[in-house]
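Understanding the architecture of this molecule
So the chains spell out like this:
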Amino acid sequence: MDEINEFISSQVLRYIEKKLGDAVKHITVFVSYTGDGVEVDVDVDASVLVDDSYLQKVVEEAAELGVCIADLVKERGWPLDPRDAEKCWKS
């Protein structure tokens, strides 16, 4: 499970870094499992120059990305091809 969590977290980190670039100061990703599925919590500290609404949108999309990847792992099994994970990315 740790390997899957690390993969999900790394994809979420890549996504946020792609969206925010050098404006990112700190990112925390926490993946947990419940009886209903998976929960991905994302916390991002960014430069004050990043609009709050845009930052919130990126954080929400990143959390959705993590859940989408977890669903793919559940459907297709582990290991998951990184190209499959990128299908969850929003442009």
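Details of the structure are given in the entry above.
Report follows, based on the coordinates. (Residues numbered from 1 in each chain as written. Predicted model: local features only at pLDDT ≥ 70, side-chain atom pairs only at ≥ 80, totals over all residues. Heavy atoms only, no water.)

**What about the environment of Ser32?**
Along the chain, Ser32 turns up in strand β1 (residues 24-34). Other than its neighbours up to four places away in sequence, Ser32 contacts Gly37, Val38 and Glu39. (Helix = DSSP H or I, 4+ residues; strand = E, 2+ residues; numbered from the N terminus. Contact = heavy atoms within 4.5 Å.)

**Considerations on the nonpolar core**
Ranked by internal contacts, the top residues of the largest apolar core, which has 32 residues, are Val12, Ile16, Leu20, Val42, Val44 and Ile69. Secondary structure elements with two or more residues in this core: α1 (2-20), β1, β2 (37-46) and α2 (52-76). In terms of residue count, α2 provides more of this core than any other element does, ten residues in total. Filtering out sequence-adjacent residues up to four positions away, Val12 remains in contact with Val29, Val42, Ala62, Leu65 and Gly66. (Core = buried A, V, L, I, M, F, W, Y, C linked by side-chain atoms within 4.5 Å. Buried < 20%, exposed > 50% of the residue type's maximum accessible area, 1.4 Å probe, protein only.)

**Some words on the pattern of salt bridges**
Following the criterion strictly, the structure yields five salt bridges and no others. Between Lys57 and Glu61 there is a salt bridge; the shortest N-O distance is 3.9 Å. Of this pair, Lys57 and Glu61 both sit in helix α2, separated by four residues, roughly a single helical turn. On the accessibility criterion, Lys57 (44% relative accessible area) is partly exposed. Given the relative accessible area of 14%, Glu61 is considered buried. Between Asp84 and Arg76 there is a salt bridge whose closest N-O contact spans 3.2 Å. Accessibility expressed as a relative area gives 17% for Asp84, which makes it buried. (Salt bridge = Lys/Arg side-chain N within 4 Å of Asp/Glu carboxyl O.)

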